[in-house]
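Inside the fold
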Amino acid sequence: MTTAAGKTDGQAHASAAGPDDDEKERLTALGGIAALSLDALSSVAYGPEAILVVLVAAGASALKYSLPITGAIVILLVALVISYRQVIEAFPNGGGAYAVSKTHLGTTASLVAAASLTVDYILNAAVGVSAGVEALTAAYPALYGARVWLCLGVLALITGANLWGVAESARLFMVPTLAFIVSIFAVIIIGLARHQPVVPLDHTLPPVTDTVGLLLILKAFASGCSALTGVEAIANSVPQFRRPRVKRAQHTEVGLGLLLGLMLIGLGMLIRHWNAVPQSGTTVLAQLTAGAIGHNALFYVIQIITLVLLSLAANTSFAGLPVLAGLLAHDNFLPHVFGLRADRRVFRYGVIVLAVAAALLLIAVRGDTQALVPLFAVGVFIGFTLSQTGMVRHWHLQRSSGRSWIYRAIINGVGAVLTFVVTIIELVSKFLAGAWLVAIVIPLLVLMFMAVAKAYKRIGAELAIGQVPPHPVKRASLVIVPVSGMSRLTAEGVSAAKSLGDDVIAVTVVFTDSDEDRAPEAAFREEWQSWKPEVQLLTLRSAHRSIAEPIVNYLRMVEAEDKYHRLVVLIPEIQPNHWWQALLHNQRGVILGRAIRRGTRRVILCRLRYRLETVVDDATAAAKRASEQQATEPKAPERKLDFPESP
C-alpha cells in the first residue's frame, strides 16, 4: 500500500516511530543465526547421509571415503565463509551474488545469479518443509497419507511468522535453533566418548551395484554439498541487521561457518567411528542419536527438535528471497510491488509469492523430499561461482588502496575455482536425475526478468519519466456520470464531476423491452428537473437489458466527434466497511469499468469509492451550503450540450 506521501506503509510507520524503533525490527548476530542460518545448520540431518547413500552402492569398501569427502566439503565451507565475509564488506546493501554480478560482471550475469538463487530458495523452502514432515511421518506412520496437508500447514505457519516480522520470526525460531545445536553437539561428544553404541547399529548393506571410482566419489561429494546451501543468505540480507550492519553480518557468517563445520566434521567422525550405514525406515542421524544416548525420552526429544528445525529451515528462504526480489524490483527486473515494505520491514509480496511457489512444488511432488533432492544445490553453486568471480574483479579495481587487494583477490579467486568445479560436478552428476529441469528454469527466469525490464523501459519512454514535461495547459474535457436514480451518491458523483470539468453530462439507461420501466423513467426525470443540478440528464435506451452496451456506444460516438481533448467517465460507488457487505451492493462499477476499458480508446475511467458515513456527512454540509447560497444569489441556468438522446 502506498501513502499519499509516496512512501510505503512500513516506511511511514518507521519514520513516525523513530530510528531506535526501526532498529528494534532488525536482526542481532544471534538473531541472524536463527533467522538466516537454519537452512545450513539443519542440513547436517541429511547432508552426511546423502554422502553415505551414494557410497553404499559400492559396498563397505567405499564407506571409508565418507570422512575425507566430509573434510573436502568443510574446506569448501571455509572458503565460502571467508569469501562471503568480503562480499558483506564490499556490498553492505545486500544482494550477495546478484549485487556483485551486477556491478562487476554485467546485467546478464547478475540475472543468471538472481535466477539461480531464486530457484534454490524456492527448492529450499519446499525441501525444508517436506523433510520435517517426513521425519514426523516416520515417527507416526498413520500420518503418512496426510503428508501433503501437513506440508501446507507447516508452510502456512512459517509464512505467517515471516509476515509478522523478521525480528519476531527470529525470536520465535531462537529456542529450537539453540536446542538443535546443543543436541547435535551432545550426540557427537557422547558418541565419540563411547567405544560401542548404546543401541547396536544395523550394518546390513544393500547389494553392491557400483565400483569405487572417481565418478562415484564426485557424485557423493556433490550430494554432500547440499549441506552448504544457505551460506549465502546472510550476504543477501545485510540490511536486515542492526547497526553496525556489516560487522554483525560478518560475525553471523563466521558463527554459521564454525557451527556448521564442527557439526559436519563431528558427525563424519562419529559415522566412521561406528561404521554407520543408511537403513530404510530411519535416518543416519537417528541411528547416531540412539547409539549415543539410547532409546529413551531424550532420544525422542532430540528427534522432535530435529523435525521442527528441518521444517523451520525454510525460514532462510523467507529471509533471503524477499530481499533479493526487492533489489530486482528496484532495478526494474520485477514488478515494483516486490520492493514495497509493510510494517516491521517485511517484503510482504515476496514472502507471499515464495509461499505460493513452494506450496505448488510440494503439491506437485506430493510432499516427497527425494523427488526434490536431485534439484537441490545446483542453482546456489552457480550463484557462488558468479559471486566469487565478481569479487576478484572488485578487488582488482580497488588495487590502488595498497597490496592487500592481492590477498583478498586470491581468496575469492580460490573460492571461484572451487565453486565452479562443484557446479560442473553438480550438473553432471545430477543432470539425468532432475538437474536438467533447473537448467531450463533458470534461463526462463532470466528471460522473464528481461521482459519485465523491457516493459518498464517502454513505459518510461512513453511517459517521459525523469524528463521535464511541457507547461500544463487547460484543455476542453467532458465528464460523464452514469446515474440510475436520485440518491446522495448521485449527488456526490455529480458534484465531483463538476469539480473536474466544465462540461458534465449525466447519463441514465432505460430498458425498452418492457412498459414497466417508463413510469420510473418519467419520475426520475421529474426529480432531476426539480433538483436543478445545472447538469444535463441524457437518456440512453437499450432493448437488451444491458447498461454497459449503450454507454460504450455513446462514448464511441463522442470519441468520433473529436470535440474534447479528454473524456472522463466518473462512476460513484459505496466502499463497504466490511468485505461481506460487498455482497449487498450491485456490481455496476465493475461491469461498466470492464466494458469501457475494452470498448473505448481514449476514455479515462474514474471509479470514486465513498464510505457511507462520508456521503451522509457531505450531504448534510452540502444541504446547508445550498440553502445559504439560494438565499443570496440566483442559480445559473443549466448548460445544454449538443448531444441528442438516443431514440
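Look up: the structure comes first, before these words.
Residues numbered from 1 in each chain as written. Predicted model: local features only at pLDDT ≥ 70, side-chain atom pairs only at ≥ 80, totals over all residues. Heavy atoms only, no water.

**Observations concerning the packing of helix α10 (residues 147-164) against helix α18 (residues 348-364)**
Interaxial distance between α10 and α18 falls to 10 Å at its minimum, and their mutual angle equals 170°. As far as their axial angle goes, α18 and α10 are roughly antiparallel. For the pair α10 and α18, the contacting residues are Val148, Cys151, Leu152, Leu155, Thr159, Asn162 and Leu163 in the first and Arg348, Val351, Ile352, Ala355, Ala358, Ala359, Leu362 and Ile363 in the second. By residue class, the composition of the contact of α10 with α18 is 12 nonpolar, two polar and one charged. (Axes fitted to C-alpha atoms, helices over the stretch in contact; angles between N-to-C directions. Helix = DSSP H or I, 4+ residues; strand = E, 2+ residues; numbered from the N terminus. Parallel < 35°, antiparallel > 145°, perpendicular 65-115°, else oblique. Contact = heavy atoms within 4.5 Å. Nonpolar A, V, L, I, M, F, W, Y, C, P; charged D, E, K, R; others polar.)

**Quick word on the packing of aromatic side chains**
A full pass over the atoms with the stated rule returns five aromatic pairs. Ring geometry for Phe381 and Phe384: centres 5.0 Å apart, planes at 85°, overall edge-to-face. Taken together, the positions of Phe381 and Phe384, both in helix α20 (residues 378-397) and three residues apart, correspond to about one turn of that helix. The exposure class assigned to Phe381 is buried, which follows from its relative accessible area of 0%. Look at Trp528 and Trp531: their rings are 5.2 Å apart centre to centre, the planes differ by 85°, and that puts the pair in the edge-to-face class. (Phe/Tyr/Trp six-rings, centres within 6.5 Å; stacked < 30°, edge-to-face > 60°. Buried < 20%, exposed > 50% of the residue type's maximum accessible area, 1.4 Å probe, protein only.)

**Examining the sheet that holds strand β5 (residues 603-611)**
If you walk across this open sheet you meet the five strands as β3-β2-β1-β4-β5, and the pairing is parallel. Strand pairing shows two members of the sheet lacking a second neighbour, β3 (536-542) and β5, which therefore form its edges. Going from strand to strand, the sheet's axes swing by 30° on average, the running direction of each strand aside. As judged from the four bridges shared by strand β1 (residues 477-482) and strand β4 (residues 566-575), these two strands associate in the parallel manner. Paired with Ser477 across the two strands is Arg566, which belongs to β4. Docked against the sheet, helix α24 (residues 548-561) engages β1, β2 (503-511), β3, β4 and β5, running at close to 120° with respect to β3. Sitting on the sheet, helix α25 (residues 588-599) touches β1, β4 and β5, and the angle it makes with β4 is about 160°. (Pairing = 2+ DSSP bridges.)

**Thoughts on the environment of Phe241**
Summarising the element assignment, Phe241 is placed in the loop between α13 (233-236) and α14 (245-274). Residues Phe241 and Thr252, 11 residues apart in the sequence, show an inter-C-alpha distance of 9.9 Å. Sequence-distant contacts of Phe241, that is, excluding residues within four places in its chain, are made with Arg26, Leu27, Thr28, Gly32, Leu36, Ile234, Arg248, Ala249 and Thr252.

**Regarding the pairing of β4**
Burial runs high along β4: seven of the 10 residues are buried. Pairing between β4 and β5: nine bridges, direction parallel. Paired with Leu570 across the strands is Cys606, a residue of β5.

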